[in-house]
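So you can see what is in the structure, the chains are spelled out below.
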Amino acid sequence: IRDVAVTGFQTCALPICLSEVGPVATAFWRLALSLPALTLLIARASRTPEGARTPRSTAERLAAGLPGLFLAADLATWHVSLRLTSVANSTLLVNLAPIFVTIGGWLMWRHAVTRPFVGGLTLSLAGEFVLQHRVDAVGTCELAQRDHQL
């Protein structure tokens with residue numbers, strides 16, 4: 001299920017460009033429309049012996065809700081960036097997030113950074129360099145909207 005969700009999540013840049021509402025409203029509706037499915041998954045998980053435990057203290061509620069707020073902010077900024085740069089650049093920059101998460105994990109908790117990660121980092125930065133120097137080769141949201149209207 002996770003792989004299907006990630007694939008769907010990362011291939012939706014062009015429909016976002018064609019959305020008739022603003023980028024932040026599109027981000028809101030993407031999250032809001034997923035609530036019924038997430039509610040069913042949570043209800044199913046709560047019936048298992050391990051169960052989904054409800055946060056009780058303020059610190060637990062904050063720890064449970066903060067990642068959702070960060071996800072919402074990430075989606076909103078990505079949707080806005082789709083209007084400001086090419087779809088390829090915007091998606092690539094969003095997919096660089098694991099780099100910053102890994103750096104933060106290393107700085108805050110001293111998590112080890114592995115060789116495969118460094119290799120992937122090198123490849124992603126090389127791809128970023130290629131795209132930054134070839135912006136005219138990829139479409140923008142404005143081009144997608146113009147083509148959609150034709």
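Residues numbered from 1 in each chain as written. Predicted model: local features only at pLDDT ≥ 70, side-chain atom pairs only at ≥ 80, totals over all residues. Heavy atoms only, no water.

### As for the packing of aromatic side chains
- Counted by the stated rule, this structure contains one aromatic pair.
- With a centroid separation of 5.1 Å and an interplanar angle of 80°, the aromatic rings of phenylalanine 28 and tryptophan 29 are classed as edge-to-face.
- Note that arginine 110 overlies the ring of tryptophan 106, its terminal NZ or CZ placed 5.1 Å from the centroid. (Phe/Tyr/Trp six-rings, centres within 6.5 Å; stacked < 30°, edge-to-face > 60°. Lys NZ or Arg CZ within 6 Å of the ring centre and 35° of its normal.)

### Comments concerning unusual backbone geometry
- Of note in the backbone geometry, arginine 110 takes a positive phi value of approximately 60° without being a glycine.
- Relative to the assigned elements, arginine 110 resides in the loop between α7 (97-109) and α8 (115-132). (Helix = DSSP H or I, 4+ residues; strand = E, 2+ residues; numbered from the N terminus.)

### Regarding the packing of helix α3 (residues 23-32) against helix α5 (residues 58-84)
- Where α3 meets α5, the closest approach of the two axes is 8 Å, and the angle between their N-to-C directions is 140°. Between α3 and α5, the angle falls in the class oblique. For the pair α3 and α5, the sense of crossing is right-handed. Two secondary-structure elements touch here, α3 through Pro23, Val24, Thr26, Ala27, Arg30 and Leu31 and α5 through Leu71, Ala72, Leu75, Ala76, Trp78, His79, Val80 and Arg83.
- Considered class by class, the residues forming the contact of α3 with α5 number ten nonpolar, two polar and two charged. (Axes fitted to C-alpha atoms, helices over the stretch in contact; angles between N-to-C directions. Parallel < 35°, antiparallel > 145°, perpendicular 65-115°, else oblique. Left-handed = near helix turned anticlockwise from the far one by under 90°. Contact = heavy atoms within 4.5 Å. Nonpolar A, V, L, I, M, F, W, Y, C, P; charged D, E, K, R; others polar.)

### Looking at the side chain of serine 90
- Here serine 90 lies in helix α6 (residues 87-94).
- For serine 90, the side chain forms a polar contact with the side chain of serine 81, separated by 2.5 Å.
- In this structure, serine 90 is in contact with Trp78, Ser81, Leu82 and Thr85, ignoring residues within four places of it in sequence. (Polar contact = N/O pair within 3.5 Å; in protein donor to acceptor, adjacent residues only side chain to side chain.)

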